[in-house]
Amino acid sequence: MRRLASWLLFPATLLLGLVACGQLMAAQVNPGMIVGLVSVVTIVIVALAERLLPFRQDWLQGQKDVGVDILHNIMNSFGFREVCKIGLLAALVPVVGWLSETLGSSLWPQSWPLPVQVFAALAIAELGLYAVHRLCHEHATFWRFHMVHHSPKRLYWLNAGRDHPLGVLLFVLAGSTPLILLGTSPEVMTYFFIIEAIHGLFQHANIQLRFGVLNYIFSTAALHRWHHSASTVEANHNYGQTLIIWDLLFGTYYRPAEPAPDQVGLEAMPRFPQNFGQQMLAPFRPYSAFEVASDQSTAEAERA
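Nothing here was measured: the structure is a model prediction, and the numbers come from that model.

Q: Describe the packing of helix α3 (residues 66-103) against helix α6 (residues 165-181), naming the residues involved and giving the relevant values.
A: Each pair of packed helices gets described by two things: the angle between the helix axes and the distance between those axes. Across the interface, α3 lies against α6 with an axial gap of 9 Å and an inter-helix angle of 35°. The two elements α3 and α6 cross, and the hand of that crossing is right-handed. The segment α3 lies against α6, with N76, F80, R81, C84, K85, L88, L89, L92, V95, V96 and L99 engaging P165, V168, L169, V172, L173, S176, T177, I180 and L181. Of the residues belonging to the contact of α3 with α6, the class tally is 15 nonpolar, three polar and two charged.

Q: Give a detailed account of the packing of aromatic side chains, specifying residues and quantitative values.
A: Counting across every chain of the model gives twelve aromatic pairs. On the numbers, 5.4 Å between centres and 70° between planes, the contact of F10 with F202 is edge-to-face. Of this pair, F10 sits in helix α1 (residues 2-26) while F202 sits in helix α7 (residues 186-204), placing them 192 residues apart in sequence. We classify F10 as buried; its relative accessible area is 3%. Taken together, a centroid distance of 5.2 Å and an interplanar angle of 65° make the contact between F192 and F193 edge-to-face. Like F193, F192 is buried. Three or more aromatic residues link up through ring pairs in this structure, and these residues are F10, F202, F211 and F218. Above the plane of the ring of Y156 lies R154, whose end atom (NZ or CZ) is 3.9 Å from the centre.

What counts as what
- Residues numbered from 1 in each chain as written.
- Predicted model: local features only at pLDDT ≥ 70, side-chain atom pairs only at ≥ 80, totals over all residues.
- Heavy atoms only, no water.
- Axes fitted to C-alpha atoms, helices over the stretch in contact; angles between N-to-C directions.
- Helix = DSSP H or I, 4+ residues; strand = E, 2+ residues; numbered from the N terminus.
- Left-handed = near helix turned anticlockwise from the far one by under 90°.
- Contact = heavy atoms within 4.5 Å.
- Nonpolar A, V, L, I, M, F, W, Y, C, P; charged D, E, K, R; others polar.
- Phe/Tyr/Trp six-rings, centres within 6.5 Å; stacked < 30°, edge-to-face > 60°.
- Buried < 20%, exposed > 50% of the residue type's maximum accessible area, 1.4 Å probe, protein only.
- Lys NZ or Arg CZ within 6 Å of the ring centre and 35° of its normal.

Spelled out as structure tokens, the structure:
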């Protein structure tokens, strides 16, 4: 049963989420409410599965990170992210109207079958997300904000939402702007956000899962753990947020024989702060503040 669950849990949850999305849209439930309801159910499934089918037992143990990650999810992942989406939509709606009027129709291929439209939306958004994500790893200025997301020393479902507000803004702009400008329908966007939400929770989850061929479609937990490796050489791969197709195309796909790196986190920054307020300020401090510590500063870092 455990082996069967390791194969079926992710695809079954994703399929059920999509079916529920379709049923709720048919009942004319608000799209935001649909995404919220499906996300809550997925959180319950993932949180329980981490206890029943853990990938690593030591990752079940808190490291004074649960409260910090809860704040990140409330303030950044749910709060600020939604504000960014609403603001971006409000700013671009006039542009979309102008484009549609000028061209005589929406740029989005609304006549395509719905599943094809949803996959197209994912592929288009993922190209922008891939580019920004890679930029955040390869250029120091952008890494300053993204390193907050890489600061956890273990991976579990709740730290999927750990991020800096400016990092959140970058990713929202990269993923949502092209879809809005193309005039993607609310129905397709709802399915898009459902897939993102379910996948993101599983991507960081501490669950023993098997993905098989899905490792060449989705940026699965098996791939994403290497992206969180403490080794920079290993971490600078697998940039896909939901899909892994652009990593395959651009040569940044990485899947060694081992199931996961020995350590995750910021190996070169042992003094990176572990409380929410200091993490918000971290991008504006010199790297040297996190790299080498005297006995006194080490004690201060631990208290932080």
